[in-house]
Structures are given as C-alpha cells and as structure tokens.
Amino acid sequence: MTKRTAALPVLPILSALLALSTALAAPVTFLSVQNEDQGATKIIGELAREYQKTNPAAAYTYQNSPQTDLAQKLQLLAASSSLPAVYNVDQPALLDQLYRSGQAADLEATFKKLGIYNTLNPAAVALIKRQNGGKLVTLPLELNIEGFWYNKAIFTANGLKEPRTWAELIKDADALNAKGIQPFAASGDQKWPLTRLIGGYAARKYGYDVMDRVKAGTLKLTDPGFVEAAKAVQDLGKKNYFGKGVNTVDYATAVDQFLQGKAAMIYMGSWVLSDFNDAARNKIGTQNIGLFNFPAVTGGKGSTNDWSLNTGISTAVNQKLNDADLGNWIKYVFTRYGNKALAESGMITGFTVTQTPKNLPVLTSLTQAKLRAVKNGYLWFEANFSPKATSVATDNAQLLVTGDITPQDYMSKLQDALK
Amino acid sequence: MERTLRDWRAITIFVGPALLLFIVILVIPIVWSLGYTLTEGSVIAGFHFVGLSNYARLFQDSAFWSALWFSVKYAALVSAGQVFFGLMLALLYSFYLKRSSVLVRTLVFLPVVLPTVAVAQLFVKLFAITPQYGFLNSFLHAVHLDALVQPWLGQGGSAFWVIVLMDVWKAMGLYAVLLYTGLMDIPEDTLEAARLDGAHGWKLTQFIILPLLTPVIVTSLIFSLNGTLKVFDSVLALTGGGPGTSTTPLTLYMYKTSFSYSQYGYGSTIAVALTLLCLIVSLIIIRRSRED
C-alpha cells in the first residue's frame, strides 16, 4: 500500500471531524425552566430547528432546569464562563450581577445593531427597563396582564356582575360561598398567587407606582395601606374562600378547579390562556370565561385602568457568545417569534405581530383588547425584592392566609427583609 | 507486626494514600468552608473578607433560631420514636415471634429501602385534602367526624407531626434490626438464670436486657440523632419547609441561604453551627453512656 492510498481512508475521517468541529463551533443552547413543548420554549425551539436546516453550524440544543435550582445552576455556570447562549434567569439581582460581569447582553444595543429593534413592542421594552434599572437585558417572550378570570355561567346563575370595588368582590364571594360555591381557586403551594393579591390591593391603595416608592424608600411596607392589604387577603383565607387546604393546592390543581367549574374565580396572568384554550382541560368552555381587573379599594389612589403587567420569565442572552453567528440566529428567530407564538399558541408576546391570524382564540382577543386599554402597568409584588425578601414574602403568605401570623407581623418581617 | 507499625516507610505506604485522599476530599473542603464563613459575596461578584460578622448575624437571626428549634425538636422526637419503636419491634421478634419473625422483619424493613421521595408522596396522598380527600380525611368523613377533616400538611402544627410520623415509620425497621442483633448477642444462659431467679416480662427487660443492650441503644441513638439533625430530603419532599417556614430545619435553611439567596458566607456559617450541634449531641450521649 502506497503512502497515498494509506492516506485515503483518513480523508473522510478528517473531513467528518472538520464538519463536526464546524457544527460544534457555534451551537445555540437555551436553558429554560419550561418543558421543551411548552410556551415560549416550544416556539423558540421550532424556529431554531428551522434555522438549523439552512445553517447546520447553528445546532440548537435545549437544556431544562427546575426553577428551584435555576439560580444555583446559573451561578455555577457563570463562575466557569459556561453559560449557554440564551438562558432563563428568575432573580433580578442575579441578572444584574451577570450583566455587570459581562455575561448578559444589552439587548437594546444588540437588536439595534441587527436592525430588528422595531420588532420589539415599546410597552414591553419599557416594562423590562423599569424592572432592570433602565436596561433592556431580557427578551419580552410574553406580554401578560393579570386579573380575575371568572366563570360567567356561575356569575349569571347567581345574579352577579363583574365587581368594580373590593367591597363588591367580597359581597360576590359571600353570596357564592353561602350557596356552597368556592369563590376563588388559588395555589398556596406556589405561594406567589397569594402575594399577587396583596400587591394588587396595595397598587389600588397607593397607585401603580407603589412598589417603586417602596424601593425608593418613600413608602414602608409597615404603612397602614399595606397592613390593610395583608388583612384583606388574610380575611379571604380565614373565611375559607380559597377552599380547603389552600397551602397544599398546586398550580395545576388550582387551574383545574376553575376549569372544572369548582371555583368561580381565579387570579392569574394571561399565560394561563394556553390552559384555558386546552379543550381537554377546560370543562366550562372558553366562551364562559371573563376577565376583570383588580377592583378599586376604599380610599385608594390607584385606578382600575392600571393593570399588573409582566413579560414572562426573564430570558437573557450571553454576551460572551454574542457574536455575528448568534446575531444571525437572533435575527432569524425573533423576527418570526411574535407571529408564530400568536398563530400557534394564541400567545401574546412583546414582539410585533405582522400577520394576525384570522381565527384567534376568543380569550386571546379578549386579552389583547384589555392590553390595548392599559393606562399604566405595575409589576408584581416581589419584582423589586431580593431573593431573601421574595422568600419571606411568599413563605409567610401561607401563614397569613391560615391566620398563623398577623398582617402587622407579616409586613414587619417583610420590611426587615428589605434591609 | 509491632516492628511493621514502628516502620515509618510501611506506615507511609499503607496509610499515606488513604490519608491523602481523606485530606483532599474531607479536610480541605471543611477548612475551605470555614474560610467562607469569614466572607460575603457570590461566585459571580466575588468574595470579600467580613471578619466574624456572619457569626454575629447568626445570633440575631430569628429564622436561624427558629430552624434550630425545629431541628432539635424534630431530632429529639424522631430519634426517640425510631429507637423506642425499633426496640419494641426487636423484643417482639426475639421473644414472641421468634423464628416466624422473618416476614414481619421484612415488612417493617421495607420502608427503609424505599426512596424518601416515594415515601413522602405516599404520605402526601394519605393526608391530602384537595383535590380529593386522602385516606385519613376520607376515614374521618366516613365515620362522620367531618369537624376533624383538615389540611394536615397545610398547617405548621399538624405538618410537623406528619413529618415526625413519616420518619419514625420509615426508619424504625432499621433500628429494629440493629437492636435485634444486639438481643441475639445476649447469652441464653444469662436470660435463663434470670428467669430461674424469678425475673420475667418487664423485670427481665429492665434489669437484664436493657443494661446488656445499652451499647447498641447508645449507638442507635447516636446514628439516629445525627441523621435526624441533618434531615433534609424528607422535609423537602413532604412540605418544602412550609407552610411558611414552620417545618424548616437548619439544613434546609442553610441550603436556601447558600443557593437560593446566594449568601454563601452566611450559609457556610449555618453549616458550621449544624456541625457543632451534631458534635455536641454525640459527645453528650457518649459521655452519659460512659458514666452509666
């Protein structure tokens, strides 16, 4: 065998290795807390694989992490400069650290450089900037509003109307409870659905900028309006209006209670639409579901034209991998994301929609209409809190609704945790 | 043999590798962790020296004292339960069931080999209230005791007792087998002599069996206390430390502090406190048993 012929079998191996190294040159990995077939993760995965067909070098991989382990995982990855290209990050303080250490990209600069800044919804951008010290460091994969979803059939059968004030809401709940109907479904196991109610009440009491004022130190969580908010939510729990064993109810069970007609109302964000639009789970029918905003409270300065808004779980881009290849990937995926998410999942996102589907789900249309009427948006109760303060707020909310802690103690503990 | 033990080269060859491994995987991380207790910061932002302020914070932290109290209360009750019921089962195997105890031993030992998460899921279902009643609430409802139907795992008070019950049930089989082997070691002629002297039942247990079994009981208590003081998985799987923080032991508080709140320095300080607690408890038991 000559040297020339001996080298021949090596050539395909070398070219395969070369192809492999090219393929591995710029893989795009998305670390998500969602399952691969859920919500924004599903849409991004589908678009990324579409892009991969014409750009094999941009191999797409998906990684999952439970939300409870996310912060720990991100810190370990960041410490070894191994963060994936796109990743969820659920703690604003951690996101800030990652941005300062050059591991989270300035997306305003990135999108402007790519010439696709106009694909972003200005309202969603403003919301993200407000949450992150004036910087656009996360993608607006969703644009959600939160409010009370209610069972129209139950309301009609009991002669009830959408309440406009907290007093009317309680009156409705009293009437439903008297007839043996559970007024609210809520997941105390998740905890945050309880604190959302405290935050909503406080926003009605002090105005939509209430938590910004807490952050600035001009309002204290021990002020009477906050204690009143905690007491209002505690009263619901004490009256058993969340049903038996609220603290053991997980998210899916709470949604199912509402969708099976076992509870008249549920306070939730519009991300829940994918569950509502699931005919297998929704036994009451989408046409039977209505949405009203957090009602006004006595002596409150807040307006019912203000809604609690958010852009879904924060998703950042790794600045260390933010090169031309990743730029092309971002451009491909996020110029199509808004249209695809709306058409396929009825999801409202913070990206512009250029092709509105003809048959939008009725609840998606309803949410869009409500979104258009938003005067001011406010963030959720713990949006500005440290991880420790968030934990104090959510953990103790369970004790608050069972009456094991007083509203004053709840707010004092929380105020202490802010220090 | 004696010459070998005086030979430094032999010692280096035989003990050296194990000692080196021990130092690398145990001593260095412990010292490293102790170093973290003097710092504040995170792996991203970096660490800076803060002296003993983490230790000072420990004394003022109500959440730490609450977690410590939970750990101590839980460890005392669960250890007592595990060893007491283990002893009762061992006596049952040895004196009543005798050779036919194999089936009972296997059944009682079964929870020991089950994963804690599976056992916790079982207990969640047993004590459930929503969306359906679990076994206990169904039973109470069936016998018209609806006033007693309650969210057992949704209230701090009752959730604590459910965790205690679960962990006693899960581990008593282990201690039963351990104590059974101790009982097997008691010479039959000693028992026979005691019986001839008129010692039966409780008197035989009190004056002959328990004194002879004391070393095994003490060992069981040390095992159990050290295990229960470090409880983590069963609490996490059953209640997640809640409702609120009512079932949060020191280990879970340490985990949350380090990994959820990203306060590694303070988390390490809680870990040091837990290590000291385990050490103190073990020393107390050993000293008391020596005095006896």
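All figures in this text were calculated on a predicted structure; none of them were measured in a lab.

(A) Just the overall build of chain B, in detail. Helix and strand counts for chain B come out as 13 helices and two strands. In terms of overall dimensions, chain B is more spread out than a globule: its C-alpha atoms have a radius of gyration of 24 Å, far above the 19 Å expected for 292 residues. The 292 residues of chain B split such that 41% are buried. For chain B, the share of sequence-separated contacts (at least 6 apart) that also reach a separation of at least 24 residues comes to 64%. Roughly 16,400 Å² of accessible area belongs to chain B as shown, and the carbon and sulfur atoms make up 71% of that amount. Each charge class in chain B can be summarised by its mean position, and for the 17 positive and 14 negative side chains these summaries are 4 Å apart.

(B) Just the overall build of chain A, in detail. Looking only at helices and strands, chain A has 18 helices and 10 strands in total. In terms of overall size, chain A behaves like a compact globule, its C-alpha atoms giving a radius of gyration of 24 Å where 419 residues would be expected to give roughly 22 Å. Taken along the three principal axes of its C-alpha coordinates, chain A extends 95 × 50 × 40 Å. Within chain A, the proportion of its 419 residues that are buried is 54%. Of the contacts made within chain A by residues no fewer than 6 positions apart, 73% connect residues no fewer than 24 positions apart. Looking at chain A as shown, the accessible area adds up to about 17,700 Å², and 53% of this sits on carbon and sulfur atoms. Where the 43 positive side-chain charges of chain A centre and where its 34 negative ones centre are 4 Å apart.

(C) Up close: the sheet that holds strand 3 (residues 86–88) of chain A. All names here are of chain A. Strand order in the open sheet made by the four strands is 2-1-3-9, with mixed pairing throughout. In the strand order of this sheet, the two ends are held by strand 2 (60–64) and strand 9 (315–317), each with one partner. Going across the sheet, the axis of each strand differs from the next one's by a mean of 15°, ignoring polarity. Inspection of the sheet shows strand 1 (residues 28–32) paired to strand 2 by five bridges, in the parallel sense. Counterpart to Val28 in the pairing with strand 2 is Tyr60. Of the strands in this sheet, strand 1, strand 2 and strand 3 are in contact with helix 4 (residues 67–79), which crosses strand 1 at around 145°.

(D) Main features of the interface of chain A and chain B. Contact with chain A, which involves 26 residues of that partner, is made by 24 residues of chain B. Approximately 2,100 Å² of surface area, both sides summed, lies buried where chain A meets chain B, with 54% of it carried by carbon and sulfur atoms. A per-residue breakdown of the area chain A buries against chain B is headed by A:Gln75, A:Lys244 and A:Lys388, which together make up 28% of the total. Between the two partners, chain A and chain B, sit one salt bridge. Counting across the interface, chain A meets chain B through 12 residue pairs in polar contact (both at pLDDT 80 or more). For the side of chain A that touches chain B, the elements supplying multiple residues, two or more each, are helix 4, helix 5 (92–100), helix 13 (251–259) and helix 17 (387–401) of chain A.

(E) Structural detail: the UniProt feature "domain: ABC transmembrane type-1" (unreviewed entry) in chain B. When the UniProt feature table is mapped to this numbering, "domain: ABC transmembrane type-1" (unreviewed entry) covers residues 68–285 of chain B. Structurally, residues 68–285 of chain B is divided into 77% helix and 0% strand, and its ends, taken at the C-alpha atoms, are 19 Å apart.

(F) View of the pattern of salt bridges. Residues and elements named next belong to chain A. In total, this model carries 23 salt bridges over all chains according to the counting rule given. In this structure, the salt-bridge partner of Glu46 is Lys42, at a minimum N-O distance of 3.7 Å. A residue pair is termed a helical-turn pair when its members lie 3 or 4 positions apart in one helix, as Glu46 and Lys42 do in helix 3 (residues 39–54) at four residues. Accessibility expressed as a relative area gives 26% for Lys42, which makes it partly exposed. One salt bridge connects Glu46 with Lys340, and the closest N-O pair in it is separated by 3.2 Å. Of this pair, Glu46 sits in helix 3 while Lys340 sits in helix 15 (residues 324–345), placing them 294 residues apart in sequence.

(G) A look at the UniProt feature "transmembrane region" (unreviewed entry) in chain B. The residues that UniProt annotates with the feature "transmembrane region" (unreviewed entry) are residues 12–32, 74–95, 107–129, 159–183, 204–225 and 264–286 of chain B. What you have in residues 204–225 of chain B is 100% helix and 0% strand, and the ends, taken at the C-alpha atoms, are 28 Å apart.

(H) Region of the structure containing the packing of aromatic side chains. All names here are of chain B. If you walk through the whole model with that rule in mind, you get 38 aromatic pairs over all chains. Measuring from ring centre to ring centre gives 5.5 Å for Phe232 and Tyr255, while their planes differ by 65°; the resulting arrangement is edge-to-face. Taken together, the positions of Phe232 in the loop between helix 10 (201–229) and helix 11 (233–238) and Tyr255 in helix 12 (residues 250–260) put the pair 23 residues apart, joining distant regions of the chain. The partly exposed category is assigned to Phe232, whose relative accessible area is 25%.

(I) Structural detail: the domain arrangement of chain A. All names here are of chain A. The domains assigned to chain A are domain 1 (24–138 + 312–349) and domain 2 (144–310 + 376–418). Here the C-alpha centroids of domain 1 and domain 2 sit 30 Å apart. Summed over both partners, the interface of domain 1 with domain 2 buries about 990 Å², with 52% contributed by carbon and sulfur atoms. On the domain 1 side of the interface with domain 2, the three residues burying the most area are Leu127, Arg130 and Gln131, jointly 55% of the side's total. At the junction of domain 1 and domain 2, the tally comes to one salt bridge. Arg130 is the salt-bridge partner of Asp212, the closest N and O atoms lying 3.4 Å from each other. The tally of links from domain 1 across to domain 2 stands at three residue pairs in polar contact (both at pLDDT 80 or more). Every element with two or more residues in the side of domain 1 that touches domain 2 is listed here: helix 5 and helix 7 (122–131). Among the elements that make up the side of domain 1 that touches domain 2, the one with the highest residue count is helix 7 (three residues). Here the residues of the side of domain 1 that touches domain 2 sort into three nonpolar, four polar and one charged.

(J) Region of the structure containing the nonpolar core. Counting 56 residues, the largest nonpolar core has A:Phe226, A:Phe381, A:Tyr410 and A:Met411 as its most contacted members. Among the nonpolar cores identified, the runner-up in size contains 35 residues, and A:Ile44, A:Val86, A:Leu107 and A:Phe334 belong to it.

(K) Here's a closer look at the side chain of B:Thr228. Residue and element names in this part refer to chain B. Positionally, Thr228 belongs in helix 10. Separated by 2.7 Å, the side chain of Thr228 and the backbone oxygen of Ser224 make a polar contact. Within the local environment of Thr228, its side chain forms a polar contact with the backbone oxygen of Leu225, the two atoms lying 3.2 Å apart. Discounting chain neighbours no more than four positions away, the residues touching Thr228 are Tyr74, Ala75, Val78, Ser79 and Gln82.

(L) Looking closely at unusual backbone geometry. Following B:Thr130, the chain continues to B:Pro131 via a peptide bond in cis, the omega torsion being 0°. In this structure, B:Pro131 sits in the loop between helix 6 (116–126) and helix 7 (135–142). A cis amide bond, omega 0°, links B:Gly242 with the succeeding residue B:Pro243. Of note, A:Ser81 is a non-glycine position whose phi angle comes to about 50°, a positive value. Looking at where A:Ser81 falls in the secondary structure, it is placed in the loop between helix 4 and strand 3. In this model, A:Asn240 sits at a positive phi of 65°, which is unusual for a non-glycine residue. Within the secondary structure, A:Asn240 sits in the loop between helix 12 (224–238) and helix 13.

The rules we used
Position numbers for residues count from 1 along each chain, tracking the sequence in the order it is written. Labels follow written order: the first chain is A, the first ligand is 1, and so on. This being a predicted model, a pLDDT of at least 70 is required before a residue's local features are given, and a value of 80 or more before pairs of side-chain atoms are given or counted; all residues contribute to the totals for chains, interfaces and linings. The side-chain values count all of the structure's non-hydrogen atoms but skip hydrogen atoms and water molecules. Helix and strand definitions follow DSSP, with helices as H or I runs of at least four residues and strands as E runs of at least two, each counted in order from the N terminus. Based on C-alpha atoms, the radius of gyration is set beside the globule rule, defined as 2.2 Å times the residue count to the power 0.38. Each residue is assigned to one of three classes by its accessible area relative to the maximum for its type, calculated with a 1.4 Å probe on protein chains only: buried under 20%, partly exposed between the two thresholds, exposed over 50%. Whether two residues are in contact is decided by their heavy atoms, any of which lying within 4.5 Å being enough. Areas reported here follow the Shrake-Rupley algorithm with a probe of radius 1.4 Å; residue values treat only the protein chains shown as occluding. In this tally Asp and Glu are treated as negative and Lys and Arg as positive; neither His nor the chain ends contributes. Charge placement uses NZ in Lys and CZ in Arg. For Asp and Glu, CG and CD serve respectively. Pairing between strands requires that DSSP locate at least two bridges from one strand to the other. Every angle, taken between N-to-C directions, lies between 0 and 180 degrees, and every axis is a line fitted to C-alpha atoms, over only the stretch in contact when it is a helix. By definition, the buried area sums, over both parts, the 1.4 Å-probe accessible area that each loses when the two are put together. We count a salt bridge whenever a side-chain nitrogen from Lys or Arg sits within 4 Å of a carboxyl oxygen from Asp or Glu. Between N or O atoms, a polar contact is any pair within 3.5 Å; within protein, one atom must be a potential hydrogen donor and the other a potential acceptor, and residues adjacent in sequence are included only when both atoms are from side chains. UniProt positions are given in the numbering used here, feature names are shortened, and annotations may be inferred rather than shown by experiment. In this scheme Phe, Tyr and Trp rings, the latter by its six-membered ring, pair at centre separations within 6.5 Å, and the angle between planes marks the pair as stacked below 30 degrees, edge-to-face above 60, and tilted otherwise. Residue ranges assigned to the domains are those given by an automatic or database domain assignment. When residues are grouped by polarity, Ala, Val, Leu, Ile, Met, Phe, Trp, Tyr, Cys and Pro land in nonpolar, Asp, Glu, Lys and Arg in charged, and all others, Gly among them, in polar. Throughout this description, the term nonpolar core refers to a set of buried Ala, Val, Leu, Ile, Met, Phe, Trp, Tyr and Cys residues connected via side-chain atoms within 4.5 Å.

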